[in-house]
Amino acid sequence: MTGRQEDVLRESPSQTAGPYLHIGCTPSLEGIRSDGGDLGREMWTGAAPRDPIEIHGVIYDGVGDPLRDAMVEFWQADAAGAFAAPVAGGDEPSCNGWARRVTDPKTGLWQLTTVKPGRVSWGDGQLQAPHISVWIVARGINVGLNTRLYFEDEPGPNALDPVLSSLRPLRRDETLLARSTGTARYHFDIRLQGPDETVFFDI
Amino acid sequence: MIGADANGRFRPRDRNWQPKALTPTYKSSRLRSPTQPLIAFPSSPSEETGPIFGHDRIGPLDHDLIRNFARPGESPIGPRLIVHGQVRDQSGHPVSGALIEVWQANSGGRYRHRNESYLAPLDPNFGGCGRTVTDDKGRYEFATIQPGPYPWPNGPNDWRPAHIHFSLFGHSFAQRLITQMYFEGDPHIALCPIVGAIEDPAAVAALVAPLDMSRTLPMDSRAYRFDIVLRGRFQTPFENRGDGL
């Protein structure tokens, strides 16, 4: 309408991360860096968080085999619902809200220790239910997959969440719920295909 | 109406420009591609924010793949290269402070990875891993050696064009991108099923870095230029998708 559309550059096309993403993203696993300098190892820097939770999960392909060569990244607000604030001068935030995991080469399991995020704004006064943004790349995935992890034991906020609410008529909202497996422990499986295929987002 | 901030919501990805999830000639995509349509919603703070990568997280040799794994006084085998470029968003604004991570095979086409079994040898002086953060103009630069093409198990005789994997993290989680850089003139580009996942020839061309003689170091290294565009935002609240879910 404004003509501005023609001025918009095209996003660079995505390509698969391939089977060797560890070299670039978790190089210490390949013996390339010995200083433990992999980025995204911990969701929090500095003092350990109060009330940590532990989340496990597996990503399954279309025949139910675990992805053993995938990378998962997580981005979340802190327990108060605040995202890590930009810090001037390259100082490190004490709470970065971001972590990455590669799936176990034998079992496909990933494990994340974090805190349950607080509720963040939807932009019009509504609040979203506690959730973690999840991004998955691997061999065979041409464009990284975006999804969200919500918590089964937050029924009140989940009922009002705008994203989950939009999925409820499709009966697909439950694919995004991490199951409570004990005190402060959760399990979140992702299915790339099949009757229980996880919801992926175009965000 | 969904509240529109001054920066605007993210533009949706152009799914006809990007590769499809299922591209059967790339066999690994068959069981790893979602079959249901993606669900769209307007970006929220969860998508519009992201971590900050300070330059202090990056070591002095992290951008120099010629030196960052080599034994003292030695260097890897292969044509010496500078790979450089600028990272912008779709509005053309430079993206400063973007984290770029790269990985690649050595000059024989062999990766330093536990699952790699190609018969070409490892290079004791090459790790194949680099990272950097873009400067205030969105610019970056790596020193490396030319990776070799290599065969891979897909069709009966598939070879990857020489390439460097690029992982990009801009200012927002919604901008996250992994892609591959190819080299101008490589005849394997047109034959590769992974490249072929991209349907539009103009999109393929966006991943092919041209030789850049202006940045060549005489008697030292040739240069290739690879510019990258990350997702951008609508420029005014008026343009925003306001229709919600």
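Note that this is a predicted model, so its numbers are computed, not measured.

> For the overall build of chain B, give the residues involved together with the corresponding values.
Tallying secondary structure elements over chain B gives two helices and twelve strands in all. Tracing chain B from N to C terminus, the helices and strands come up as β-α-β-β-β-β-β-β-β-β-α-β-β-β. Radius of gyration (C-alpha) of chain B: 19 Å, near the 18 Å computed for a compact globule of 245 residues. The buried share of chain B, taken over its 245 residues, is 56%. Taking contacts inside chain B between residues at least 6 apart in sequence as the whole, the part at least 24 apart equals 72%. Computing the positive centroid from 27 side-chain charges and the negative centroid from 25, chain B places the two 4 Å apart.

> Give a description of the side chain of Arg-110 of chain B that names residues and reports values.
Residue and element names in this part refer to chain B. Its place among the elements puts Arg-110 in the loop between β3 (99–104) and β4 (129–133). Despite its burial, Arg-110 remains without a salt bridge, the nearest opposite charge being carried by Glu-116 at 4.4 Å. Ignoring sequence-local partners within four residues, the contact set of Arg-110 consists of Ala-105, Glu-116, Tyr-118, Ala-120, Pro-121 and Leu-122.

> I'd like a description of the interface of chain A and chain B, backed by residues and values.
Between chain A and chain B, the residue contacts involve 82 residues of the former and 89 residues of the latter. Each partner contributes to the roughly 7700 Å² buried at the junction of chain A and chain B, and carbon and sulfur atoms together form 56% of this total. Broken down residue by residue, the surface that chain A buries against chain B is led by Glu-11, Gln-15 and Ile-203 of chain A, which jointly contribute 12%. Counting across the interface, chain A meets chain B through eight salt bridges. For Arg-15 of chain B, the salt bridge is made with Asp-202 of chain A, and the minimal N-O distance between the two is 2.9 Å. In this structure, the connection of chain A to chain B is made through 43 residue pairs in polar contact (both at pLDDT 80 or more). Taken together, the elements giving at least two residues each to the side of chain A that touches chain B come down to α1 (21–25), β2 (71–75), β3 (98–102), β5 (131–137), β6 (145–151), α3 (162–167) and β10 (201–202) of chain A. A class-by-class count of the residues in the side of chain A that touches chain B yields 41 nonpolar, 23 polar and 18 charged. The pairing of β10 of chain A with strand β1 (residues 39–40) of chain B spans two bridges and is classified as parallel. When the sheet's bridge partners are listed, Phe-201 of chain A is paired in β1 of chain B with Ile-39 of chain B.

> Requested: an account of the nonpolar core, with residues and values cited.
Membership of the largest hydrophobic core comes to 69 residues, with the highest contact counts inside it found for Tyr-140, Phe-166, Met-181 and Ile-228 of chain B. Counting residues per element, this core draws most heavily on strand β9 (residues 177–183) of chain B, which supplies five residues. Beyond its immediate stretch of four places on either side in the chain, Phe-166 of chain B contacts Val-83, Ile-100, Glu-101, Val-102, Tyr-140, Phe-142, Leu-177, Ile-178, Thr-179, Met-181, Phe-226 and Ile-228 of chain B. Core analysis: the next-biggest nonpolar cluster, separate from the first, contains 27 residues, Ala-70, Leu-112, Ile-141 and Tyr-186 of chain A among them.

> Hey, could you go over the sheet that holds β3 of chain B for me, with residue numbers and the actual values?
Residues and elements named next belong to chain B. On the basis of which strands lie adjacent, the open sheet formed by five strands has the order β4-β3-β8-β9-β10 and mixed pairing. The outermost strands of the open sheet, each flanked by one partner alone, are β4 and β10 (208–209). Note: strand β8 (residues 163–169) against β9, six bridges, orientation antiparallel. When the bridges of β9 are listed, Ser-167 appears paired with Ile-178.

> If you had to explain the pairing of β4 of chain B to someone new, which residues and values would you point to?
Residues and elements named next belong to chain B. Of all five residues making up β4, five are buried, and the element is well covered by its neighbours. As paired elements, β3 and β4 share five bridges and run antiparallel to each other. When the bridges of β4 are listed, Leu-99 appears paired with Val-133.

> Describe the pattern of salt bridges, with residues and values.
Summed over all chains, the structure comprises 25 salt bridges over all chains. Salt-bridge contacts for Glu-30 of chain A lead to Arg-114 of chain B; the nearest nitrogen and oxygen are separated by 2.7 Å. Note that Glu-30 of chain A is positioned in the loop between α1 and β1 (53–60) and Arg-114 of chain B in the loop between β3 and β4, a pairing that runs across two chains. Overall, Glu-30 of chain A belongs to the buried group, its relative accessible area being 12%. Overall, the relative accessible area of 39% leaves Arg-114 of chain B in the partly exposed class. Arg-176 of chain B is paired through a salt bridge with Glu-73 of chain A; the nearest N and O atoms lie 2.5 Å apart.

> Can you break down the packing of aromatic side chains residue by residue, with the values?
Between two aromatic rings, the relevant description is the distance of the centres plus the angle of the planes. On inspection of all chains with the given rule, the structure shows 17 aromatic pairs over all chains. Ring plane angle 50° and centroid distance 5.0 Å describe the contact between Phe-74 of chain A and Trp-110 of chain A, whose orientation is recorded as tilted. Here Phe-74 of chain A is found in strand β2, whereas its partner Trp-110 of chain A is found in strand β4 (residues 109–114), with 36 residues between them in sequence. Assigned by exposure class, Phe-74 of chain A and Trp-110 of chain A land together as buried. Each residue in the set Trp-98 of chain A together with Phe-53, Phe-169 and Phe-173 of chain B is aromatic and connected to the rest through ring pairs, giving one cluster. The aromatic ring of Phe-151 of chain A is capped on one face by Lys-116 of chain A, whose charged end is 5.0 Å from the ring centroid.

The rules we used
Residues numbered from 1 in each chain as written. Chains lettered and ligands numbered in written order. Predicted model: local features only at pLDDT ≥ 70, side-chain atom pairs only at ≥ 80, totals over all residues. Heavy atoms only, no water. Helix = DSSP H or I, 4+ residues; strand = E, 2+ residues; numbered from the N terminus. Rg over C-alpha atoms; globule rule 2.2 N^0.38 Å. Buried < 20%, exposed > 50% of the residue type's maximum accessible area, 1.4 Å probe, protein only. Contact = heavy atoms within 4.5 Å. Lys, Arg positive; Asp, Glu negative; His and termini not counted. Charge placed at Lys NZ, Arg CZ, Asp CG, Glu CD. Salt bridge = Lys/Arg side-chain N within 4 Å of Asp/Glu carboxyl O. Buried area = accessible area lost by both parts, 1.4 Å probe. Polar contact = N/O pair within 3.5 Å; in protein donor to acceptor, adjacent residues only side chain to side chain. Nonpolar A, V, L, I, M, F, W, Y, C, P; charged D, E, K, R; others polar. Pairing = 2+ DSSP bridges. Core = buried A, V, L, I, M, F, W, Y, C linked by side-chain atoms within 4.5 Å. Phe/Tyr/Trp six-rings, centres within 6.5 Å; stacked < 30°, edge-to-face > 60°. Lys NZ or Arg CZ within 6 Å of the ring centre and 35° of its normal.

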